[in-house]
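# Working through the structure, step by step
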Amino acid sequence: MGAAPPQDRPVIVGAGLAGLLTAVHLAPLPCVVLTTGRLAEHTSTDLAQGGIAAALHPGDSPLLHALDTLHAGAGLSDPGTAERITAAAPAAVEHLAALGARFDRTPDGAFTLGLEAAHSRHRVAHAGGDATGHEVLRAAIAAVRATPSITVLQHARAVRVVTGDDGRVAGVVVAAGGAPELIRTDRVVLATGGAGGLFRHTTNPTGSRGQGLALAARAGAELRDLEMVQFHPTALDVGLDPMPLVTEALRGAGARLVDAAGDRLLEDDLAPRDVVARAVFAELERGGRVFLDAREALGAAARFPTVAAACRAAGIDPRRAPMPVRPAAHYLMGGVSVDGRGRTTVAGLWAVGEVASTGLHGANRLASNSLLEAAVCARWVAQDVAGQEGRRGPRLGSPAPQPGPAAEPAGGAAELRTLMSECVGVLRDGATLTHAVDRLGATVDRAGLDATDDATLAALLLATSALRREESRGAHTRTDFPGAAEPRHLTLTLEDGLGGLLTPAHRRSAT
Ligand SMILES: Cc1cc2nc3c(=O)[nH]c(=O)nc-3n(C[C@H](O)[C@H](O)[C@H](O)COP(=O)(O)OP(=O)(O)OC[C@H]3O[C@@H](n4cnc5c(N)ncnc54)[C@H](O)[C@@H]3O)c2cc1C
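What counts and how
- Residues numbered from 1 in each chain as written.
- Predicted model: local features only at pLDDT ≥ 70, side-chain atom pairs only at ≥ 80, totals over all residues.
- Heavy atoms only, no water.
- Core = buried A, V, L, I, M, F, W, Y, C linked by side-chain atoms within 4.5 Å.
- Buried < 20%, exposed > 50% of the residue type's maximum accessible area, 1.4 Å probe, protein only.
- Phe/Tyr/Trp six-rings, centres within 6.5 Å; stacked < 30°, edge-to-face > 60°.
- Helix = DSSP H or I, 4+ residues; strand = E, 2+ residues; numbered from the N terminus.
- Lys NZ or Arg CZ within 6 Å of the ring centre and 35° of its normal.
- Pairing = 2+ DSSP bridges.
- Polar contact = N/O pair within 3.5 Å; in protein donor to acceptor, adjacent residues only side chain to side chain.
- Contact = heavy atoms within 4.5 Å.
- Salt bridge = Lys/Arg side-chain N within 4 Å of Asp/Glu carboxyl O.
- Near = heavy atom within 4 Å.
- Areas by Shrake-Rupley, 256 points an atom, 1.4 Å probe, with all protein chains shown as cover.
- Nonpolar A, V, L, I, M, F, W, Y, C, P; charged D, E, K, R; others polar.

Counting 64 residues, the largest nonpolar core has L34, L190, L349 and V424 as the members making the most contacts within it. Core analysis: the next-biggest nonpolar cluster, separate from the first, contains 55 residues, L21, F111, A139 and L371 among them.

Attention now goes to the packing of aromatic side chains. Evaluated as defined, the whole model comprises two aromatic pairs. Considering the side-chain rings of F199 and F231, the 5.6 Å spacing of their centres and the 85 degrees angle between planes classify their relative orientation as edge-to-face. Of the two residues, F199 is situated in the loop between β10 (188–190) and α5 (211–218) and F231 in strand β12 (residues 229–236); the sequence distance between them amounts to 32 residues. Accessibility classification places F199 together with F231 in one group, the buried group. In this arrangement the basic side chain of R84 is found over the ring face of W380, its NZ or CZ atom lying 4.0 Å from the centre. We note R365 situated over the ring of Y331; from NZ or CZ to the ring centre the distance is 4.4 Å.

A word on the sheet that holds strand β4 (residues 113–114). Taken in spatial order, the three strands make up an open sheet running β3-β5-β4, and their pairing is antiparallel. For this open sheet the edge positions go to β3 (52–53) and β4, each flanked by a neighbour on one side alone. Judged from the two bridges that link them, β3 and strand β5 (residues 124–125) form a sheet pairing that is antiparallel. Bridge pairing in β5 places I52 opposite A125.

The subject of this paragraph is the side chain of H232. Take H232: it is sitting in strand β12. There is a polar contact of 3.1 Å between the side chain of H232 and the backbone nitrogen of T234. In this structure H232 touches L245, V246, E248, R251, R273, R326, P327, A328 and H330, once residues within four positions along its chain are discounted.

One pass over the full model with this rule turns up 26 salt bridges. The shortest N-O distance in the salt bridge between R295 and D293 comes to 2.8 Å. Ionic pairing is found between R343 and D384, a salt bridge with its closest N-O pair at 2.6 Å. Remark: D384 occurs in helix α10 (residues 369–387) and R343 occurs in the loop between β16 (335–337) and β17 (349–351); sequence separation between them is 41 residues. Classification of R343 as partly exposed rests on a relative accessible area of 27%. Members of the salt-bridge network, linked through shared partners, are D225, E227, R469, E471 and R473.

Near the ligand lie 37 residues; those nearest to it are T36, T45, G51, E354 and S370. Between the ligand and the protein, one listed contact pairs an oxygen atom with a side-chain N or O atom of T36 at 2.6 Å. With respect to the ligand, the backbone of S368 contributes an N or O atom lying 3.5 Å from an oxygen atom. For the ligand, whose free accessible area comes to 1000 Å², the fraction covered by protein is 97%. Looking at the shell around the ligand, the elements that each hand over two or more residues are α1 (17–26), β7 (157–163), β15 (323–332) and α10. Of the residues forming the shell around the ligand, the biggest block, three residues, is contributed by α10. Classifying every residue of the shell around the ligand gives 13 nonpolar, 21 polar and three charged.

In structure tokens:
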């Protein structure tokens, strides 16, 4: 880390849109931002294509946006949260524009608004055509660099959130090449992104493996609905890892899913993602292939440079030939349980962005609602974190930081990712899920909980949740429980979730 890291200021773990905007909103209160790479590296934000949803058109309203969100959420979204976030959406997009994000505009200066799956209105603001994430991140990074109260520690991995005897957050242990160091702080914000990298087929940065879930669980926080993983139906199937995403906005512009014979796969190509992902997966399971025919859509618009470039790199000309696609793990709807201020169940620990479960997405995220959630909730979290100033409990001394968990799964991540794709993928059942839980549980047992890497622990928690939800709802499809049960959240802590799986010695270290 070089110089000693600053102490006694809020620490934000993660430098995607959620983490950076939290830091910007905290200013002038000093804070520290940690990121595993350099700024912009290792983030899903940089890869986001379609855009950010907000009722920005006079013919639209936050209420309609909230209703579409609830409809996609399949009974698990929280109506109050959906209303609050969609009401705050237009101002959040304007704030990004004010930070310098260059959104695509009509000649009279209005936002150009795209249509995406399951939205009843054109309401997706975008930038650089399909390079929205890159542009909003660029603007957020510029704002951070221009804010002297923010200290960014690059190549710095949080390995443990430390709590005191009173259960409150007392610090965070950081590994940055050398020996792990303790940063004393009573306020930690997890903004670590999602967990798609736990799966062999993913659109996420491959290092995005649920580290924030493991950090929160080890600190004693409650996790919620972890089994709700959104599989994007159209990742470009050309052998790349991560798989390039073919944005849904392309289907909004007229592209169609077809089988090898060129016949349409679905009547409604803009049906919710889970429906489309299952249809694509079923065709692949039958031994077929699936293509996105965007010949006309791409011919009509220069709006999709990212998709066009990914195709070109793979030797495909999407204006002449359909693109091969398959579903890929894309977004984690569940996460660390938070309330309306982003507080987790551990005092002094907040979560924001994809790692958090606010109740917005329920069992299925509506397209382009996640950049929105990150932008809106970052403000609320920052306000709450700043409001805790001066309410410190007893300070932790300077205990020697523990070595922390392994950085990587034993034997590398490939085996873990294959297991997750095969057993906890688009279609699940009790037998495959039990197999995954047993295998992962045995790995944790062998290494001991403290030494187990975060990816393995996050995978075990996710598979355990999927096994426990005995119904099909939204993105979670159990072939052995095809119907929906009464809607309910599935919560899990390390102790109650894994207590039964581990040997007594390791169970003790889970407390
Ligand atoms: C290909 C793709 C396209 C998408 N398109 C859209 C879209 O059009 N619209 C939309 O709304 N959403 C989209 N999404 C989803 C959206 O991009 C993400 O949900 C959102 O950007 C997540 O932001 P975040 O800040 O929570 O996390 P991220 O942007 O993923 O950032 C995570 C940060 O946490 C850091 N980190 C992780 N663990 C640690 C640790 N232990 N210590 C220190 N730092 C850590 C990482 O280094 C990184 O800086 C897309 C996602 C992908 C992958």
